[in-house]
Amino acid sequence: MAEVELDSGIPTAPWHLSGSACVTLWRLPEAELPYPGAEIAYATMAGRALLFTAWANYLDEGTLNYRELAVGAIIRGKGLLSPSCTATHVWVDDDTARDGGRQLWCIPKQTGAFTAQSSEADRSFAARLHVGEQQVASLSFEAGLALPGTPTLTGFIVQPGEGGPRRTRCNARARLISGKATWDFDERGPLAFMRQARPLFSFRALRLQGWFGI
């Protein structure tokens, strides 16, 4: 891939992001999803796509400090031997993170206002996202069992781009805690389609270390 010319102030790749996230995996009828692009296909089972929602808090220890809500879908395609996804909707509360995501990786990041609250022992987590006066989504999470070890996942984010799909290799590791996540998507908001989705499982990723564009 040709080198991307970035606006001033945007960190070059790779980005190292450090913090925590709440993640839920979902099933949703493929017809409810936006068109992914001519060269990207959703991975489906019986006509239902696999999606994830991730509510992340990235701290000062990494390249940037910001909050993020991402919605993505698992994809399939020629040459995709590692786990791969495409981001359909992403909000952040930092302009540099927004512009960097767009320019480096064609991720359609927008800005929003986040509020969040965690328990001291990280047993619970609650958060909301607004864009202007519109509430987009809210989340509450109650922790269950801690999973053993610190698993690592390597894969690709694939986004429609000028000249064809842009593939970005990513790597993440974290301590995982299973739990119950309760999501609410405003019926008038941009994620109203997620009200048709059915959750499969949820977890919280603590001591998260991620690398994007490696």
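Structural data are supplied above this passage.
S.K.: Quick question: what am I supposed to make of the overall build of the protein chain here?
M.R.: Looking only at helices and strands, the protein chain has 1 helix and 13 strands in total. Reading the secondary structure of the protein chain in the N-to-C direction produces β-β-β-β-β-β-α-β-β-β-β-β-β-β. For the protein chain, whose C-alpha radius of gyration is 17 Å, the value lies close to the compact-globule estimate of 17 Å for 214 residues. The principal-axis extents of the C-alpha atoms in the protein chain amount to approximately 45 × 40 × 40 Å. For the protein chain, the proportion of its 214 residues judged to be buried stands at 44%. For the protein chain, the proportion of contacts with a sequence separation of at least 24, taken over those separated by at least 6, is 64%. Carbon and sulfur atoms make up 50% of the accessible area of the protein chain, which amounts to about 11,100 Å² in all. Between the centroid of the 21 positive side chains of the protein chain and the centroid of its 21 negative side chains there is a distance of 10 Å.

S.K.: Teacher, can you tell me more about the pairing of strand β12 (residues 166-185) here?
M.R.: Where a strand is regular, its side chains alternate between the two sheet faces. Relative to β12, strand β10 (residues 134-146) runs antiparallel, the two sharing 8 bridges. By the bridge assignment, Leu-139 is partnered in β12 with Trp-183. Here 8 bridges tie strand β11 (residues 152-159) to β12, and the two strands are oriented antiparallel to one another. Within the sheet, the bridge partner assigned to Gln-159 lies in β12 and is Arg-166. Where β11 folds back on β12, the antiparallel hairpin that results is connected by 6 residues, among which Gly-163 adopts a positive phi of roughly 90 degrees. Judged from the 9 bridges that link them, β12 and strand β13 (residues 198-212) form a sheet pairing that is antiparallel. Along β13, the bridge assignment pairs Leu-176 with Ala-205.

S.K.: Please clarify how the environment of Leu-25 should be interpreted in this entry.
M.R.: As for its placement among the helices and strands, Leu-25 is situated in strand β1 (residues 15-29). Residue class for Leu-25 comes out buried when judged on its relative accessible area of 19%. A C-alpha to C-alpha distance of 5.7 Å links Leu-25 and Phe-201, two positions 176 residues apart in sequence. Beyond its immediate sequence surroundings of up to four residues, Leu-25 is in contact with Leu-51, Phe-52, Arg-198, Pro-199, Leu-200 and Phe-201.

S.K.: What should I look at first to understand the state of the cysteines in this one?
M.R.: Two cysteines whose sulfur atoms are joined by a covalent bond form what is called a disulfide. Evaluation of the coordinates by the stated rule reveals 0 disulfides. Cys-85 forms no disulfide, and the closest cysteine sulfur to it belongs to Cys-170, at a distance of 7.3 Å.

S.K.: Quick question: what am I supposed to make of the packing of aromatic side chains here?
M.R.: The geometry of an aromatic ring pair is captured by the separation of the ring centres together with the interplanar angle, meaning the angle of the planes. Taken as a whole, this structure holds 8 aromatic pairs when the rule is applied. Judged by centre distance (5.8 Å) and plane angle (10 degrees), the rings of Trp-183 and Phe-185 are stacked. Both residues of the pair, Trp-183 and Phe-185, count as buried. Each ring, one from Phe-201 and one from Phe-203, has its centre 6.5 Å from the other, and the planes form 25 degrees; the classification is stacked. Note on Phe-201: relative accessible area 46%, which makes it partly exposed. You can call Phe-203 partly exposed: its relative accessible area is 21%. Here a set of aromatic residues connected by ring pairs shows up, and it is made of Trp-26, Trp-55, Phe-114, Trp-183 and Phe-185.

S.K.: Where do I start with the side chain of Thr-86 in this structure?
M.R.: On the secondary structure map, Thr-86 appears in strand β6 (residues 84-92). Setting aside residues up to four positions removed in sequence, Thr-86 forms contacts with Ile-40, Tyr-42, Val-71, Gly-72, Ala-73, Ile-75, Val-158, Gln-159 and Pro-160.

Definitions and cut-offs
- Residues numbered from 1 in each chain as written.
- Predicted model: local features only at pLDDT ≥ 70, side-chain atom pairs only at ≥ 80, totals over all residues.
- Heavy atoms only, no water.
- Helix = DSSP H or I, 4+ residues; strand = E, 2+ residues; numbered from the N terminus.
- Rg over C-alpha atoms; globule rule 2.2 N^0.38 Å.
- Buried < 20%, exposed > 50% of the residue type's maximum accessible area, 1.4 Å probe, protein only.
- Contact = heavy atoms within 4.5 Å.
- Areas by Shrake-Rupley, 256 points an atom, 1.4 Å probe, with all protein chains shown as cover.
- Lys, Arg positive; Asp, Glu negative; His and termini not counted.
- Charge placed at Lys NZ, Arg CZ, Asp CG, Glu CD.
- Pairing = 2+ DSSP bridges.
- Disulfide = S-S within 2.5 Å.
- Phe/Tyr/Trp six-rings, centres within 6.5 Å; stacked < 30°, edge-to-face > 60°.

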